[in-house]
Amino acid sequence: MSHTLGIRQAQKQKTRQALLDAALVLLEEQSLSSLGLREVTRAVGVAPTAFYRHFRSTADLGVALVEEALGSLHPLIRTTVTAADSSDERITRAVELIARHVHAYPAHVRFIARERHGGVQPVREAIREQLGRFAEEVKAELAEDDEAEGWSDDDLLMLAHLYVDQMLITASLFLEVQEAAAGDEPSAEARERVARLATRRLRLITVGRHHWLD
């Protein structure tokens, strides 16, 4: 019996993932607010009623896509911003992480960029919650720095949000370069141009941090 249940659970998880993957492909051409569940189930080859075994609505599916797109990044972000030999090293690691993530998961990055201010409120809230978690995690790491002495929690959180916002902007810039290549590999020069700009912007935030308590 347990073996049968295990097979059923595995099949259920496989169907759920297929629905997520199909939705992500369909969302390349439209927003979540215009996506119909019948489109998704048709792409997977299951009956529309099967959708409700996994998601309450397309909004619920969108929230699951947010978790898939951003949830796995939390340990990577913590590793990236943890105490380094210098702020430049931390910035370099952050820019490299963003570049790798955009290259590996462009559809997820595009989905987040589009739906962050999209028309589906639960998805907007899910994205905001994930970004808030990132900011809290960055804040916790920044608080370990010697330079954090004298900083209030509110100011540290404000600084963390500046870093997170800039990382989102950087992801969008890397995505634009990737899309401009029209299916080809973006040139090293184009990627390096984005990396240089992102590095300069993050350094500017860091310089401001050094003088905030002056």
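Refer to the preceding data block for the structure.
In short, a report on the structure.

Cut-offs applied
- Residues numbered from 1 in each chain as written.
- Predicted model: local features only at pLDDT ≥ 70, side-chain atom pairs only at ≥ 80, totals over all residues.
- Heavy atoms only, no water.
- Helix = DSSP H or I, 4+ residues; strand = E, 2+ residues; numbered from the N terminus.
- Salt bridge = Lys/Arg side-chain N within 4 Å of Asp/Glu carboxyl O.
- Buried < 20%, exposed > 50% of the residue type's maximum accessible area, 1.4 Å probe, protein only.
- Patch = residues over 30% accessible without salt bridge, like charges linked within 9 Å, V, L, I, M, F, W, Y side chains within 5 Å.
- Areas by Shrake-Rupley, 256 points an atom, 1.4 Å probe, with all protein chains shown as cover.
- Axes fitted to C-alpha atoms, helices over the stretch in contact; angles between N-to-C directions.
- Parallel < 35°, antiparallel > 145°, perpendicular 65-115°, else oblique.
- Contact = heavy atoms within 4.5 Å.
- Nonpolar A, V, L, I, M, F, W, Y, C, P; charged D, E, K, R; others polar.
- Phe/Tyr/Trp six-rings, centres within 6.5 Å; stacked < 30°, edge-to-face > 60°.
- Core = buried A, V, L, I, M, F, W, Y, C linked by side-chain atoms within 4.5 Å.
- Expected span 1.5 Å × (residues − 1).
- Arc of directions from axis to C-beta.
- Lys, Arg positive; Asp, Glu negative; His and termini not counted.

What about the environment of Val46?
By the secondary structure assignment, Val46 is in the loop between helix 2 (37-44) and helix 3 (48-51). When the C-alpha positions of Val46 and Asp145 are compared, they lie 53 Å apart, and in sequence the two are 99 residues distant.

Digging into the pattern of salt bridges
Should the charged atoms of two oppositely charged side chains come close, the side chains can pair. Tallied over the entire structure, the rule returns nine salt bridges. Between Glu179 and Arg110 there is a salt bridge, with the nearest N and O atoms lying 2.5 Å from each other. Placement of the pair is Glu179 in helix 9 (residues 153-180) and Arg110 in helix 7 (residues 106-115), with a sequence separation of 69 residues. Look at Glu179 and you get partly exposed, because its relative accessible area is 40%.

As for a nonpolar patch on the surface
On the surface, a cluster of nonpolar side chains totalling about 400 Å² of accessible area is made up of Met158, Leu162, Trp212 and Leu213. Structurally, the position occupied by Leu213 is in the segment after helix 10 (188-210).

Looking at the packing of helix 5 (residues 73-81) against helix 6 (residues 87-104)
Between helix 5 and helix 6, the shortest axis-to-axis distance is 8 Å and the interhelical angle comes to 155°. Relative to helix 6, the element helix 5 lies roughly antiparallel. On the side of helix 5, the interface is formed by Leu73, Leu76, Ile77, Thr79, Thr80 and Val81, while helix 6 contributes Arg90, Arg93, Ala94, Leu97 and His101. Taken together, the residues that form the contact of helix 5 with helix 6 break down as six nonpolar, three polar and two charged.

Brief notes about the packing of aromatic side chains
Tallied over the full model, the rule gives three aromatic pairs. Between Phe51 and Phe55, the ring centres sit 5.6 Å apart and the planes meet at 50°, which makes this aromatic pair tilted. A single burial state applies to Phe51 and to Phe55, both of which are buried. Consider the rings of Trp151 and Trp212, whose centres lie 6.4 Å apart with planes at 35°: the pair is tilted. Residue Trp151 is found in the loop between helix 8 (121-142) and helix 9, and its partner Trp212 is found in the segment after helix 10; the two are separated by 61 residues along the sequence. Members of the aromatic cluster, connected to one another through ring pairs, are Phe51, Tyr52 and Phe55.

What to know about the nonpolar core
One finds Leu61, Leu65, Val66 and Phe111 to be the most contacted residues of the largest nonpolar core, which totals 58 residues. The dominant element in this core, judged by the number of residues it contributes, is helix 9, at ten residues. For Leu61, the contacting residues outside a window of four places in its chain are Leu19, Leu20, Ala23, Val40, Phe51 and Phe55.

Quick look at helix 6
Helix length check: helix 6 (18 residues) gives 26 Å between terminal C-alpha atoms against 26 Å at 1.5 Å per residue, within 8%. Residues of helix 6 that are buried: Arg90, Ile91, Ala94, Val95, Leu97, Ile98, His101 and Val102. Down the axis of helix 6, the buried side of the element spans an arc of 160°, and every buried residue falls inside it.

Thoughts on the side chain of Lys139
Mapped onto the elements, Lys139 comes out in helix 8. Look at Lys139: it is buried, it has no salt bridge, and the nearest opposite charge is Glu136 at 4.1 Å. Residues in contact with Lys139, not counting those within four places in the same chain, are Asp153, Leu156, Leu157 and Ala160.

Details of the packing of helix 9 against helix 10
Interhelical geometry of helix 9 versus helix 10 gives an angle of 170° and a closest axis separation of 10 Å. If you check the angle between helix 9 and helix 10, you find them roughly antiparallel. Taken together, the residues of helix 10 that come into contact with helix 9 (itself represented by Leu159, Leu162, Tyr163, Gln166, Ile169, Thr170, Leu173, Phe174 and Val177) are Ala190, Arg191, Val194, Ala195, Leu197, Ala198, Arg201, Leu202, Ile205, Thr206 and Arg209. Class assignment for the residues of the contact of helix 9 with helix 10 results in 14 nonpolar, three polar and three charged.

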